[in-house]
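# Observations on chain architecture
This is what each chain is made of:
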Amino acid sequence: MDTEVAPAVEAVAADIAEMEIRGAATIAGAAAEALATQARASDAGTADQFRAEMHAAASYLYDTRPTAVSLPNALRFVFQGMDGTTVESLRQSAVDAAERFQSQLDRAQDDLGEIGANRLRDGDTVMTHCHSTDALACVEAALDQGKDLSAVVKETRPRNQGHITAEQLRQWDVPVTLIVDSAARRYLDEVDHVLVGADAVAADGSVVNKIGTSGLAVSARERGVPIMTAAQIIKLHPGTMTGHTVEIEMRDEDEVIDPSEREEIGQITVENPAFDVTPPRYMDAIVTERGQFPPESIVTLMRELFGETSARPWEGPV
Ligand SMILES: O=C(COP(=O)(O)O)[C@H](O)[C@H](O)COP(=O)(O)O
């Protein structure tokens, strides 16, 4: 059976792995669209062959980055919508599902933004970490409500996603102060809110987000600065309801230190975890499109949303 993955899908997977496409929501949208691309490109002769190709494409995309659960959740959404007994009906339903996914993604982010914006007051300064479109949706909605905001933006080593956040905020005319990550605690006295996104939210309310989030949250708590996570429900990790843990991606050591510089230093170990876990007690609120939750009660929403799940979205009942 031919289970070739379409070259365009391989290209999207490579872009996700190399972080040309990055951030949990954006990855999810790209993955769903890639499945639609696979569906359109397929010249499968039978429904079984079509399904096998879709599974191969999903598996290929799934293996790109392990932490953002929005990726398997996006694949699951498309597989749940894929229905039929002929290649044409399967193709059309998969393409329709991918389109539905993208429009739900956009709407969810807008709705979430409205809710998160209610936590921000006119004149507030927010501190950001990394680049989260969900977090920025809250800022955008607050600006739309006529509130004036300013921002302290952590650069977010080693990939400096803070620069993307700074650029977006400047496009919205928000005054930005860019700081190195290690200056965060010093600047907490000058901010009213810490606002972060999530790659995954676990059933116990733990927030998995860009490395440095947990330290920031502990410092924010110590300084009495409220910290919220903006996370659409596609960031909720179904596997954590049945005891699975969230895999933390370890990225290339060269992102941390240039190989030639490393050689000059001598024999050292370098590690580059991309994400960390913030325990629920250090997070004030998780803002979703379905409302704002204290982290410990996010499990009620998860129970409502997830029935039978499988670790890999294209296996088992979908
Ligand atoms: O940690 C990151 C991005 O990490 P990376 O740059 O390694 O992908 C973001 O905070 C979340 O993915 C949420 O983003 P969004 O709100 O856009 O889904």
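All values derive from a computational prediction rather than experimental measurement.

## Describing the packing of helix H3 (residues 47–62) against helix H5 (residues 87–117)
Between H3 and H5, the least distance of the axes is 8 Å, while the angle of their chain directions is 30°. By the angle class used here, H3 and H5 are roughly parallel. Facing Ala47, Phe50, Arg51 and Met54 of H3, the residues of H5 in contact are Val87, Leu90, Arg91 and Ala94. For the contact of H3 with H5, the class distribution of residues is six nonpolar, no polar and two charged.

## Focus: the UniProt feature "binding site: substrate" (unreviewed entry) in the protein chain
Within this structure's numbering, the places UniProt gives as "binding site: substrate" (unreviewed entry) are Arg22, Gly23, Ala24, Ala25, Arg65, Asn209, Lys210 and Lys235. Taken together, the annotated residues stretch across 214 residues yet fold into one region, lying no more than 14.2 Å apart by C-alpha. Mapped onto the elements of the fold, Gly23 is located in the loop between helix H1 (7–17) and helix H2 (24–41). Judged by its relative accessible area of 19%, Gly23 falls in the buried class. Inspection of the secondary structure assignment puts Ala24 in helix H2. Each residue touching Ala24, except ones within four places of it in the same chain, is listed here: Ala68, Ser70, Ala198, Asp199 and Lys235.

## Comments concerning the confidence of the model for the protein chain
Confidence in the prediction for the protein chain averages 96 pLDDT; 97% of positions are at 70 or higher. Among the scores for the predicted complex, ipTM is 0.99 and pTM is 0.96.

## Here's the deal with the UniProt feature "active site" (unreviewed entry) in the protein chain
Residues annotated in UniProt with the feature "active site" (unreviewed entry) correspond here to Cys130 and Asp199. The annotated residues occupy 70 residues of the chain but converge on a single region, no pair of C-alpha atoms lying more than 11.4 Å apart. Locating Cys130 in the fold gives a position in the loop between strand E1 (125–128) and helix H6 (133–144). Given the relative accessible area of 7%, Cys130 is considered buried. Contact partners of Cys130, with chain neighbours within four places excluded, come to Arg22, Lys154, Thr156, Gln161, Gly162, Thr165 and Lys210. For Asp199, the position within the fold is in the loop between strand E4 (193–196) and strand E5 (200–201).

## Quick look at helix H9 (residues 213–223)
Along H9, the residues that are buried comprise Thr213, Ser214, Leu216, Ala217, Ser219 and Ala220. Residue Gly224 follows H9 closely and has a positive phi angle near 75°.

## Topic: a negative patch on the surface
A cluster of acidic residues, Asp106, Asp110, Asp111, Glu114, Glu140 and Asp144, forms a negative patch on the protein surface. Counting residues per element, the ones that place at least two in the negative patch are H5 and H6. Of all the elements, H5 adds the most residues to the negative patch, at four residues. Position of Glu114 among the secondary structure elements: in helix H5. Here Glu114 falls in the partly exposed class, since its relative accessible area comes to 46%.

## Regarding the site of the ligand
Taken together, 18 residues form the shell around the ligand, and within it Arg22, Ala25, Ser132, Thr133 and Asn209 come nearest. Ala24 is positioned such that a nitrogen or oxygen atom in its backbone is 2.8 Å from an oxygen atom of the ligand. Between the ligand and Lys235, the relevant distance is 2.8 Å, taken from an oxygen atom to a side-chain nitrogen or oxygen of the residue. Across the complex, the protein chains shield 100% of the 460 Å² of accessible surface that the ligand would expose by itself. If you list the elements that add at least two residues to the shell around the ligand, you get H2, H6 and strand E6 (207–210).

Calculation notes
- Residues numbered from 1 in each chain as written.
- Predicted model: local features only at pLDDT ≥ 70, side-chain atom pairs only at ≥ 80, totals over all residues.
- Heavy atoms only, no water.
- Axes fitted to C-alpha atoms, helices over the stretch in contact; angles between N-to-C directions.
- Helix = DSSP H or I, 4+ residues; strand = E, 2+ residues; numbered from the N terminus.
- Parallel < 35°, antiparallel > 145°, perpendicular 65-115°, else oblique.
- Contact = heavy atoms within 4.5 Å.
- Nonpolar A, V, L, I, M, F, W, Y, C, P; charged D, E, K, R; others polar.
- UniProt positions renumbered as here; feature names shortened; annotations may be inferred.
- Buried < 20%, exposed > 50% of the residue type's maximum accessible area, 1.4 Å probe, protein only.
- pLDDT = per-residue confidence, 0-100.
- Patch = residues over 30% accessible without salt bridge, like charges linked within 9 Å, V, L, I, M, F, W, Y side chains within 5 Å.
- Areas by Shrake-Rupley, 256 points an atom, 1.4 Å probe, with all protein chains shown as cover.
- Salt bridge = Lys/Arg side-chain N within 4 Å of Asp/Glu carboxyl O.
- Lys, Arg positive; Asp, Glu negative; His and termini not counted.
- Charge placed at Lys NZ, Arg CZ, Asp CG, Glu CD.
- Near = heavy atom within 4 Å.
- Polar contact = N/O pair within 3.5 Å; in protein donor to acceptor, adjacent residues only side chain to side chain.

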